[in-house]
Amino acid sequence: MLYASNYYGQGSLGSVIGYVAGLASKTIVAPEDGFMQFLAWAGGGSGGGACFGTNIATGGGAGECAFDKVAVKKNDTFVITVGAGGTAVSISSSGNYNGVDGGDTTITGPNGYSLTIKGGKGGKGGTNASLPLTGGAGGTGGTGGSSQIRRYTGGAGGAITSTGTANATGGGGVNLY
């Protein structure tokens, strides 16, 4: 997900000239020389699935979050590809199912600029016999960006450590600083 892309001009206070937010992939063109800031995160993993009985499931991990500031020239073009969340699992009348990993978000631009933000891992499906059952790991380990990049690992999905505590857990939260 691309939360925001702000363009700051050369003025003494670096006033905001433009603002973009959204869930969809897009291309952004710098209107003049200055700085572009990106705050973006990757898709979260979907939760595991479980049917009745002794089957249990954990939540998916949130995607990694990254903040970067890049010097730009007029007409520099950045292509942002937003990583999708993991697709929901289909469950039948029995069994358990692992969740699907979230997609990576990428931002590419001029002069070899490339940023990859890692998606969260899918939750797990299991039985009481498979305890402890971990939640999906939060996205981490992205690559690239400028010398000013800051990365924040996504929260992990909840775990189930013993019988009688839970049959399902929640997903991880996005770490926004």
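Our subject is the structure listed above.
Asker: Any chance you could explain the overall build of the protein here in plain terms?
Answerer: When helices and strands are tallied, the protein shows zero helices and 14 strands. Walking the protein from its N terminus toward its C terminus, one meets helices and strands in the order β-β-β-β-β-β-β-β-β-β-β-β-β-β. Residues classed as buried in the protein amount to 40% of the 177 residues present. Long-range pairs, those at least 24 residues apart, make up 69% of the contacts in the protein with a sequence separation of at least 6.

Asker: What should I look at first to understand the pairing of strand β10 (residues 105–108) in this one?
Answerer: Here is the key point about a regular strand: its side chains alternate between the two faces of the sheet. Because side chains alternate across β10, one face comprises the buried residues T105 and I107, and the other comprises T106 and T108, none of which is buried. Sheet analysis places strand β8 (residues 77–81) next to β10, joined by three bridges and oriented antiparallel. Counterpart to I80 in the pairing with β10 is I107. Here β10 folds back onto strand β11 (residues 114–117), and the loop between the two strands holds five residues, one of which, N111, carries a positive phi near 55 degrees.

Asker: Before we go on, may I ask you to explain the packing of aromatic side chains in this structure?
Answerer: Counting across every chain of the model gives three aromatic pairs. Relative to Y113, the ring of F78 has its centre 5.8 Å away and its plane inclined at 75 degrees; by these criteria the two rings are edge-to-face. On the criterion of sequence distance, the pair formed by F78 in strand β8 and Y113 in the loop between β10 and β11 is long-range, its members being 35 residues apart. Classification of Y113 as buried rests on a relative accessible area of 10%. Through pairs of rings, three or more aromatic residues link up here, namely F38, F78 and Y113. Of note, K69 hangs over the ring of F35, and the distance from its end group to the ring centre comes to 4.7 Å.

Calculation notes
- Residues numbered from 1 in each chain as written.
- Predicted model: local features only at pLDDT ≥ 70, side-chain atom pairs only at ≥ 80, totals over all residues.
- Heavy atoms only, no water.
- Helix = DSSP H or I, 4+ residues; strand = E, 2+ residues; numbered from the N terminus.
- Buried < 20%, exposed > 50% of the residue type's maximum accessible area, 1.4 Å probe, protein only.
- Contact = heavy atoms within 4.5 Å.
- Pairing = 2+ DSSP bridges.
- Phe/Tyr/Trp six-rings, centres within 6.5 Å; stacked < 30°, edge-to-face > 60°.
- Lys NZ or Arg CZ within 6 Å of the ring centre and 35° of its normal.

Keep in mind that these numbers describe shape and distance, not what the molecule does.
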